[in-house]
Amino acid sequence: MSDERPEKPLPELRASDADRDRVVERLRDAVAEGRLDMEEFEERLEAAYKSRTYAELEPLTRDLPAPAGGPAGRPSTAAEPWTGRIGGAGSSTAAVAVMSGFQRKGRWTVPARFDAVAFWGGGQLDLREADFAQREVVINCVAIMGGIEITVPPGVELDVRGFGFMGAFDQRDNPGPFEPGAPRVVVTGFAFWGGVEIKVKQRKRPPGGHSLRKEL
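Residues numbered from 1 in each chain as written. Predicted model: local features only at pLDDT ≥ 70, side-chain atom pairs only at ≥ 80, totals over all residues. Heavy atoms only, no water.

Undergrad: How should I be thinking about the environment of Phe132 in this particular structure?
TA: Along the chain, Phe132 falls in strand β6 (residues 131–132). Sequence separation between Phe132 and Ala112 is 20 residues; the distance between their C-alpha atoms is 7.7 Å. (Helix = DSSP H or I, 4+ residues; strand = E, 2+ residues; numbered from the N terminus.)

Undergrad: Is there a simple way to think about the packing of helix α1 (residues 17–32) against helix α2 (residues 38–50) in this case?
TA: For any two helices packed against each other, one specifies the crossing angle of their axes together with the interaxial distance. Between α1 and α2, the shortest axis-to-axis distance is 10 Å and the interhelical angle comes to 175°. One element, α1, and the other, α2, form an angle in the roughly antiparallel class. Contacts from Arg20, Asp21, Val23, Val24, Leu27, Arg28 and Val31 in α1 reach Met38, Phe41, Arg44, Leu45, Ala48 and Tyr49 in α2. Across the contact of α1 with α2, the residue classes tally to nine nonpolar, no polar and four charged. (Axes fitted to C-alpha atoms, helices over the stretch in contact; angles between N-to-C directions. Parallel < 35°, antiparallel > 145°, perpendicular 65-115°, else oblique. Contact = heavy atoms within 4.5 Å. Nonpolar A, V, L, I, M, F, W, Y, C, P; charged D, E, K, R; others polar.)

Undergrad: Would you mind going over the sheet that holds strand β13 (residues 195–200) with me for this structure?
TA: Hydrogen bonds between backbone atoms are what pair the strands of a sheet, whose relative direction is either parallel or antiparallel. Ordered by their spatial adjacency, five strands build an open sheet running β2-β5-β8-β13-β11, and the pairing between neighbours is parallel. Looking at which strands have only one partner, the edges of the open sheet turn out to be β2 (101–104) and β11 (168–171). Here the strands of the sheet are splayed against their neighbours by 10° on average, with no regard to which way each runs. Relative to strand β5 (residues 122–126), β2 is paired through four bridges, and the arrangement is parallel. Across the sheet, the residue bridging to Gly101 is Gly122, located in β5. (Pairing = 2+ DSSP bridges.)

Undergrad: Could you clarify how one ought to interpret the nonpolar core in this entry?
TA: Generally speaking, nonpolar side chains in soluble globular proteins are found buried as a group. Leu127, Cys141, Ile148, Ile150 and Val196 are the most contacted members of the largest nonpolar core, which totals 28 residues. When residues of this core are traced back to their parent elements, those giving at least two are β1 (94–98), β4 (113–119), β7 (136–144), β8 (147–152), β12 (184–192) and β13. Looking at this core element by element, the count peaks at four residues for β7. Beyond its immediate stretch of four places on either side in the chain, Val196 contacts Cys141, Ala143, Ile148, Ile150, Ala168, Phe169, Asp170 and Val187. Formed by 13 residues, the second largest nonpolar core is a distinct cluster that contains Val23, Ala30, Leu45 and Leu64. (Core = buried A, V, L, I, M, F, W, Y, C linked by side-chain atoms within 4.5 Å. Buried < 20%, exposed > 50% of the residue type's maximum accessible area, 1.4 Å probe, protein only.)

Undergrad: Sorry, what's going on with α2 here?
TA: Structural remark: α-helix, 3.6 residues per turn; residues separated by three or four positions point the same way. Over its 13 residues, α2 runs 18 Å from end to end, which matches the ideal 18 Å to within 8%, given 1.5 Å per residue. Where α2 is concerned, the buried positions are Phe41, Arg44, Leu45 and Ala48. Summarising the axial view, the buried residues of α2 lie within an arc of 110°, below the 170-degree limit, and thus occupy one face. Turned more than 90 degrees off the buried face of α2, the exposed positions are Glu39 and Lys50. Looking at the packing, one finds that the buried side of α2 touches α1 and α3 (54–57). Where α2 starts, the residue carrying a side-chain oxygen 3.2 Å from the main-chain nitrogen of Glu39 turns out to be Asp37. (Expected span 1.5 Å × (residues − 1). Arc of directions from axis to C-beta. Polar contact = N/O pair within 3.5 Å; in protein donor to acceptor, adjacent residues only side chain to side chain.)

Undergrad: How should a nonpolar patch on the surface be read in this particular structure?
TA: On the surface, Val96, Val98, Met99, Phe119, Trp120, Met145, Phe163, Phe165, Met166, Phe190 and Trp193 cluster together into a nonpolar patch covering about 1,100 Å² of accessible area. For Phe119, the position within the fold is in strand β4. Residue classification places Phe119 among the partly exposed residues on the basis of a relative accessible area of 33%. (Patch = residues over 30% accessible without salt bridge, like charges linked within 9 Å, V, L, I, M, F, W, Y side chains within 5 Å. Areas by Shrake-Rupley, 256 points an atom, 1.4 Å probe, with all protein chains shown as cover. Salt bridge = Lys/Arg side-chain N within 4 Å of Asp/Glu carboxyl O.)

Undergrad: Can you help me understand the pattern of salt bridges in this one?
TA: Pairing between side chains of opposite charge can happen when the charged atoms of each approach one another. On inspection of all chains with the given rule, the structure shows 13 salt bridges. For Arg107, the salt bridge is made with Asp131, and the minimal N-O distance between the two is 3.2 Å. With Arg107 in the loop between β2 and β3 (109–110) and Asp131 in strand β6, this pair connects stretches of sequence that are 24 residues apart. When its relative accessible area of 33% is taken as the criterion, Arg107 is described as partly exposed.

Right under this line is the structure:
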């Protein structure tokens, strides 16, 4: 008798939270690509969160092209574990720049909701070394004739929903594969003659090459 496990998970095996999150991420990509309308997306999203086995998850992405790196809906072990912490109280809940600037970076705790306002000014929110009060956080941005820059590390789940009127919400980078246990960052708000830019950059590292996160 062979001890080899099948390459594809057995349908009756239980799916993990990370498996469901990967399917949800693929569904969101499909909406952005125009492959699913919002009604189909909402139906599949609800089914994904209710799924308990691979057999229930697999049909949700069966008719979608596989993303780069592997077949759609198939669990992956390539993602590195999230190294941050989730839990605790937020360091601050808001930042306002009126003809000035603000900055949040280094070691700080992002609250469940953070309000950022820039009026004739600018602000920077760097989440690469941050902890998170909850698994999902909302950053609400209002940029009026000003700009707000948000930097996140690879592996987080990004959901950008902001609206720009003679302005823009600009996500230039792809955060890459979603890391198991990583937070979900929802960026929403309004930009008028201003902009909100979301960047993805590696966590800062000291000269020795080890993450600052692990040194603290």
